[in-house]
Protein chains: 2
Amino acid sequence: MRGAMIHAPGDVRFETVDDAKILHPTDAVIRTAVTCVCGSDLWPYRGAEPIGEPHPMGHEYVGFVEEVGSEVTSLRPGQFVVGSFATSDNTCANCRNGFQSNCLRREFMSTCQAEYVRIPNAAGTLVATAEVPDEEFWPGLLAVSDVMGTGWWAADAAEVKPGSTAVVVGDGAVGLCGVIAAKELGAERIIAMSRHESRQKLALAFGATDIVTERGEEGVEKIKELTGGIGADSVLECVGTAQSMSQALHSARPGGNVGFVGVPHDVAVDGQELFFSHVGLRGGPAPVRRYLPDLIDRVLTGVIDPGKVFDLTLPLEQVAEGYKAMDERRAIKTLLTP
Amino acid sequence: MRGAMIHAPGDVRFETVDDAKILHPTDAVIRTAVTCVCGSDLWPYRGAEPIGEPHPMGHEYVGFVEEVGSEVTSLRPGQFVVGSFATSDNTCANCRNGFQSNCLRREFMSTCQAEYVRIPNAAGTLVATAEVPDEEFWPGLLAVSDVMGTGWWAADAAEVKPGSTAVVVGDGAVGLCGVIAAKELGAERIIAMSRHESRQKLALAFGATDIVTERGEEGVEKIKELTGGIGADSVLECVGTAQSMSQALHSARPGGNVGFVGVPHDVAVDGQELFFSHVGLRGGPAPVRRYLPDLIDRVLTGVIDPGKVFDLTLPLEQVAEGYKAMDERRAIKTLLTP
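Conventions and cut-offs
- Residues numbered from 1 in each chain as written.
- Chains lettered and ligands numbered in written order.
- Predicted model: local features only at pLDDT ≥ 70, side-chain atom pairs only at ≥ 80, totals over all residues.
- Heavy atoms only, no water.
- Patch = residues over 30% accessible without salt bridge, like charges linked within 9 Å, V, L, I, M, F, W, Y side chains within 5 Å.
- Areas by Shrake-Rupley, 256 points an atom, 1.4 Å probe, with all protein chains shown as cover.
- Salt bridge = Lys/Arg side-chain N within 4 Å of Asp/Glu carboxyl O.
- Lys, Arg positive; Asp, Glu negative; His and termini not counted.
- Charge placed at Lys NZ, Arg CZ, Asp CG, Glu CD.
- Helix = DSSP H or I, 4+ residues; strand = E, 2+ residues; numbered from the N terminus.
- UniProt positions renumbered as here; feature names shortened; annotations may be inferred.
- Least-squares fit on C-alpha atoms with pLDDT ≥ 70 in both.
- Contact = heavy atoms within 4.5 Å.
- Buried area = accessible area lost by both parts, 1.4 Å probe.
- Polar contact = N/O pair within 3.5 Å; in protein donor to acceptor, adjacent residues only side chain to side chain.
- Nonpolar A, V, L, I, M, F, W, Y, C, P; charged D, E, K, R; others polar.
- Pairing = 2+ DSSP bridges.
- Buried < 20%, exposed > 50% of the residue type's maximum accessible area, 1.4 Å probe, protein only.
- Phe/Tyr/Trp six-rings, centres within 6.5 Å; stacked < 30°, edge-to-face > 60°.

**Topic: a negative patch on the surface**
So, step 1. Together, E131, D134, E135, E136 and D305 of chain A line one region of the surface with negative charge.
So, step 2. On the secondary structure map, E135 of chain A appears in the loop between β8 (127–128) and α4 (138–144).

**What about the UniProt feature "domain: Enoyl reductase (ER)" (unreviewed entry) in chain A?**
So, step 1. Feature annotation in UniProt assigns "domain: Enoyl reductase (ER)" (unreviewed entry) to the following positions: residues 7–336 of chain A.
So, step 2. Helix makes up 31% of residues 7–336 of chain A and strand 24%, and the two end C-alpha atoms of the span are 19 Å apart.

**Concerning the relation of the copies chain A and chain B**
So, step 1. Under the fitted operation, chain A is carried onto chain B by 0.0 Å of movement along the axis and a turn of 180°, and the coordinates agree to an RMSD of 0.0 Å. As the rotation angle and translation indicate, the two copies are arranged about a two-fold axis.
So, step 2. Both copies contact each other with a shared surface, as 100% of the interface residues of chain A are interface residues in chain B too.

**Notes on the interface of chain A and chain B**
So, step 1. Residue-level contacts link 39 residues of chain A with 39 residues of chain B.
So, step 2. Roughly 3100 Å² is buried in total at the junction of chain A and chain B, and carbon and sulfur atoms are behind 59% of that figure.
So, step 3. Looking only at chain A, the three residues that lose the most surface to chain B are F275, H278 and R282 of chain A, adding up to 23% of its buried area.
So, step 4. Remark: the boundary between chain A and chain B carries zero salt bridges.
So, step 5. Remark: the boundary between chain A and chain B carries 22 residue pairs in polar contact (both at pLDDT 80 or more).
So, step 6. A class-by-class count of the residues in the side of chain A that touches chain B yields 20 nonpolar, 15 polar and four charged.
So, step 7. Here strand β14 (residues 268–270) of chain A pairs with strand β14 (residues 268–270) of chain B via three bridges, running antiparallel.

**Quick notes on the side chain of D146 of chain B**
So, step 1. As for its placement among the helices and strands, D146 of chain B is situated in the loop between α4 (138–144) and α5 (147–157).
So, step 2. K333 of chain B provides the closest opposite charge to the buried, unpaired D146 of chain B, separated from it by 5.6 Å.

**Concerning the sheet that holds strand β1 (residues 2–8) of chain A**
All names here are of chain A.
So, step 1. Strand order in the open sheet made by the three strands is β2-β1-β4, with antiparallel pairing throughout. Each edge of the open sheet carries a strand with a single partner, namely β2 (11–16) and β4 (55–56).
So, step 2. Bridge analysis of β1 against β2 gives six bridges, and the strand direction is antiparallel. Bridging from a neighbouring strand, I6 pairs with V12 of β2.

**Some words on the pairing of strand β3 (residues 28–36) of chain B**
Residue and element names in this part refer to chain B.
So, step 1. By the criterion of burial, β3 is predominantly enclosed, with eight of the nine residues buried.
So, step 2. The pairing of β3 with strand β5 (residues 61–68) spans seven bridges and is antiparallel. Bridge pairing in β5 places T32 opposite G63.
So, step 3. Both β3 and strand β7 (residues 116–119) contribute to a ladder of four bridges, which runs antiparallel. Bridge pairing in β7 links I30 to V117.

**Considerations on the packing of aromatic side chains**
So, step 1. This structure, assessed with the given rule, holds 16 aromatic pairs over all chains.
So, step 2. Taking the centre distance of 5.7 Å and the plane angle of 70° together, the rings of F64 of chain A and W138 of chain A count as edge-to-face. Taken together, the residues F64 of chain A in strand β5 (residues 61–68) and W138 of chain A in helix α4 connect sequence positions 74 residues apart. Per residue, the accessibility class of F64 of chain A equals that of W138 of chain A, and both read buried.
So, step 3. Summarising the aromatic geometry, the rings of F275 of chain A and F260 of chain B are spaced 5.9 Å apart at their centres and angled 55° between planes, so their arrangement reads as tilted. Here F275 of chain A is found in helix α10 (residues 271–277), whereas its partner F260 of chain B is found in strand β13 (residues 252–260) on a different chain. Neither F275 of chain A nor F260 of chain B differs from the other in exposure class; each is buried.

**Digging into the pattern of salt bridges**
Residue and element names in this part refer to chain B.
So, step 1. Taken as a whole, this structure holds 42 salt bridges over all chains when the rule is applied.
So, step 2. Between D156 and R290 there is a salt bridge; the shortest N-O distance is 3.2 Å. In this pair, D156 sits in helix α5 while R290 sits in helix α11 (residues 288–300), placing the two residues 134 residues apart along the sequence.
So, step 3. Judged by relative accessible area, which is 28%, D156 ranks as partly exposed.
So, step 4. For R290, a relative accessible area of 33% gives the class partly exposed.
So, step 5. Note that E328 is salt-bridged to K324, the shortest N-O span being 3.3 Å.

**Describing the sheet that holds strand β1 (residues 2–8) of chain B**
Residues and elements named next belong to chain B.
So, step 1. Taken in spatial order, the three strands make up an open sheet running β2-β1-β4, and their pairing is antiparallel. For this open sheet the edge positions go to β2 (11–16) and β4 (55–56), each flanked by a neighbour on one side alone.
So, step 2. In this sheet, β4 lies alongside β1 in antiparallel orientation, the contact comprising two bridges. Within β4, the position partnered with M5 by the bridge is P56.

Shown next, in the form of structure tokens:
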């Protein structure tokens, strides 16, 4: 079969790769319906994370069950399934606590920009839709498998509540999905921090009420102006740099909450500063599995349409161009069709 | 009048100080009923915080209203009052959000080891009891003004819930009060980390179900053993060092919560480690004012007795010995009677 491999920074190739097959009785293999490129894929692509040996890429997927291992009794070939970038047995103590992305048997997916994908812990990871959804819903369901689930988690970790004010730091696909989540969770005011017109437009379409173009301490000042001088109830940190984390922490009001979902790169939080801020901080890889049934339902009933974050669609074989377009910020997020 | 002054590390003197008097129409002056020495007073006493010019000490107090400023209409001379180490108007946005210790008009108290004390923001800060309580309740009410309020906040910030497992890091007065709070909030299992027999006994009397004497990563291993391998739901960090914070963060389960109430000294939290732990972190100076009515009620009805943390009582004029006894760990906490 064929799939994407990264060889070096800036060098992603579509080539023949090992066939996806059942390795454990708890595995399934799916035929990819659609997959995509993630903002986090750009870290190695840009040389900000070591690559080592050439390896497959991709952790977002929806598809059709092709084959299941002998212990997977809840799924059958032909079903349309949505999963998560982190696999989970959905039965361990951490899963039962709602943190499936910290499952004791967790494996991070990394081979999804391909025609077929092996899914470990298939029974606990995959959620099948009642019937095969119309193709128009596939991008939305694909978003649910990562960026929409992650945006939801950001809003959840930031404790967005009805009537509250939320700030979203980061205008990538996750940040934009964070706007959707904040709206769904009842935020009255949603301030998106963005300086890119196309992203601002999408943020407003998703429910943002204000746009702040300033960054850093200037951005924080602007947030304070918009929030009676004290800051926002909830801040969704959807980037992962020291600057974005500082911006997020300073934008929250005393007693407010920051949910951080961008994998932190060189971020250290000063204990005394956090202490005197009274801000609550929680982050991590999104427990997408916890949200899947609800988010799938919201997509299929048309309540949300996170598929709009895909503003470029390419055949899977042009995956390299998909990375390039995102790296150059010509695209928010690239959908790939096998 | 007379009060405590710190001149240098290890050098606290009881001497003539400026009289407490009304400086602003929102002030009150109280006659001290009882006051005490706080674990945090030991930071400058031990030379771990700069002292600068000699200055008064103390931030814990209960007393009798002696005089009120012209704008203080809710209090009258003779009333017995309980306050907080942080004053608050109890009307600003942060106060309304329940974070009175981040009041926009906050002043930190620092002159309370004295015969009389000026209380800024008196109307918002002080809570009067219905009548003058019996002297036996004074130590408990004094504890409420700081260590019990802080222990409660630690448990609240760590989101202790009925049936949960809580770990308390730190066996000082705040940690011991944290045990009381965890029990009141319904924790089923309360693990106190302590290697001092007198403190272990008090922790058990307050409701601890387990004692762990190991520290650092050994202590964390022990916590994991006691919690099915994953860690505790809630951890109360009541020390404020890099080691205690690390111990607390590693003792919490994925998705658990750390409430940190020891003022952090040289503590930096690694963003990526916090991220992958899924642990929620919130701390700060306790919003004691939020809890005062409830905690006063619990003390006066005998539901809790945090006054037991005082294991040494001295006349106020022997305040220097009070510091010394705590510094040498001969006393958990020193009560001072004017």
